[in-house]
Every structure is written in C-alpha cells, then in structure tokens.
Amino acid sequence: DENKRVGNYPYRYEAEDMRRVGYQVTGINPWEAGSGSQAVQLMGEVSTGSLNFRHAGPPGRYDVHVRYFDEEDGVSQFKLFVADRRVDQWPADNRLPTPTTSADAHSSTRRTIHGVKLGQAEAIRIEGVADGGERAGIDYVEIVPSPGD
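This text gives an overview of the structure that appears in the document. (Residues numbered from 1 in each chain as written. Predicted model: local features only at pLDDT ≥ 70, side-chain atom pairs only at ≥ 80, totals over all residues. Heavy atoms only, no water.)

When you go through the protein chain residue by residue, the secondary structure sums to 0 helices and 11 strands. Along the protein chain, helices (α) and strands (β) appear in the sequence β-β-β-β-β-β-β-β-β-β-β when read from the amino end. For 149 residues, the compact-globule formula gives about 15 Å, and the C-alpha radius of gyration of the protein chain, at 15 Å, lands near that figure. Based on the C-alpha atoms only, the size of the protein chain along its principal axes is roughly 40 × 40 × 25 Å. Of the contacts formed within the protein chain by residues at least 6 apart in sequence, a portion of 77% connects residues at least 24 apart. When the accessible surface of the protein chain is summed, it comes to about 8000 Å², and 46% of that surface belongs to carbon and sulfur atoms. Computing the positive centroid from 17 side-chain charges and the negative centroid from 23, the protein chain places the two 8 Å apart. (Helix = DSSP H or I, 4+ residues; strand = E, 2+ residues; numbered from the N terminus. Rg over C-alpha atoms; globule rule 2.2 N^0.38 Å. Contact = heavy atoms within 4.5 Å. Areas by Shrake-Rupley, 256 points an atom, 1.4 Å probe, with all protein chains shown as cover. Lys, Arg positive; Asp, Glu negative; His and termini not counted. Charge placed at Lys NZ, Arg CZ, Asp CG, Glu CD.)

See the structure below:
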C-alpha cells in the first residue's frame, strides 16, 4: 500500500538470497506458505549444508527468528552460528497439529533465539542436516531488536 506496510520486511533475510552451500532453491506449494513462494532445501543425496549472510543492522542485542519446515518424515538438525560461535541448535521434531511430509503451510514453524549479541556486519551461519525425507528446509531469518534494547 502507499504506507509501505505490505511486502516491507526490513529485518528479513530470505534464505534463497543467502550464500548457500549444499542448499538449493525450491518452490513452495501453496505459494503463500513460503515467503516469496520459495525456500531452500537440501536436495537429492545432499544431507548437510549451510546458509551464510551478514547482519545489516547496528551492533546490539537481537532476537533471531528462523522460519523453517518441520515435516513428519524425519528429524532434521539445525545450528545457528554468529562469527563461528554456536549460539543455538535444535532438532526439527515438533508435533504439529496437521502432520505432513511436505514443506508447506502445515510444516512451517519458527525457532526464536533471544538476546543474541550482534556486531555490525557480523557473519551469521545456519547449518542444516537432513534426515529421511525431511530436507532441512529454511524459508527466512528475521533479526529484530530484543525488547528493552
């Protein structure tokens, strides 16, 4: 709209725009289940990969939101690094209300890591390990100022 409220996500980093190792861009169906109707996944025989980007904001403490896909046909593993320092890791093993084996609106979920200290242009990396049919899919990362900072 004229107030730039729609399609304006200043804190969002799309996975398909990050430097990818092992990950490939894939379409998401239905289109509204993936930001920009796309995400990234480890395809075929590739079982490990990483996404790399740099924080564009000023130094401070931030909440990092990782939008990923948690399917029922495996338990992918994720790790989040800032400047080669691991700040979080988690398995994609949620029990979601509508089980699915696809990267779609039913498997889209979010991990939030609170109070992450980031410097200007800080290097950020997410590592994914696929398991079974679940291909460690990631849609985007949002970095928002932590409350109180």
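Right, let's get into the sheet that holds strand β10 (residues 123-129). Spatially, β2-β5-β10-β7-β8 is the arrangement adopted by the 5 strands of the open sheet, whose pairing is antiparallel. Each edge of the open sheet carries a strand with a single partner, namely β2 (19-21) and β8 (85-91). Strand-to-strand, the axes of this sheet are offset by a mean angle of 15°, without reference to chain direction. Pairing of strand β7 (residues 77-82) with β10 involves 6 bridges; the strand directions are antiparallel. In the strand pairing of β10, Phe-78 is matched with Gly-128. (Pairing = 2+ DSSP bridges. Axes fitted to C-alpha atoms, helices over the stretch in contact; angles between N-to-C directions.)

Time to look at the pattern of salt bridges. This model, assessed by the stated rule, comprises 4 salt bridges. A salt bridge links Glu-142 to Arg-12; the nearest nitrogen and oxygen atoms lie 3.0 Å apart. Pair noted here: Glu-142 is in strand β11 (residues 138-145) and Arg-12 is in strand β1 (residues 12-14), with a separation of 130 residues, a long-range link. The exposure classification of Glu-142 matches that of Arg-12, with both residues buried. With a closest N to O distance of 2.8 Å, Arg-125 and Asp-84 form a salt bridge. In this pair, Arg-125 is assigned in strand β10 and Asp-84 in the loop between β7 and β8, connecting sequence segments 41 residues apart. You can call Arg-125 buried: its relative accessible area is 17%. (Salt bridge = Lys/Arg side-chain N within 4 Å of Asp/Glu carboxyl O. Buried < 20%, exposed > 50% of the residue type's maximum accessible area, 1.4 Å probe, protein only.)

A few words on the packing of aromatic side chains. Counted according to the given criterion, the structure contains 4 aromatic pairs. Arranged with centres 4.6 Å apart and planes meeting at 35°, the rings of Tyr-13 and Phe-53 form a pair that is tilted. Separated by 40 residues along the polypeptide, Tyr-13 in strand β1 and Phe-53 in strand β5 (residues 48-54) bring together distant segments of the chain. For Tyr-13, a relative accessible area of 17% gives the class buried. Judged by relative accessible area, which is 11%, Phe-53 ranks as buried. An aromatic cluster of at least three residues, connected via ring pairs, comprises Tyr-68, Phe-78 and Trp-90. Taking the ring centre of Tyr-140 as reference, the NZ or CZ of Arg-12 above it sits at 3.7 Å. Above the face of the Phe-81 ring, Arg-125 is positioned so that its terminal group lies 4.1 Å from the ring centre. (Phe/Tyr/Trp six-rings, centres within 6.5 Å; stacked < 30°, edge-to-face > 60°. Lys NZ or Arg CZ within 6 Å of the ring centre and 35° of its normal.)

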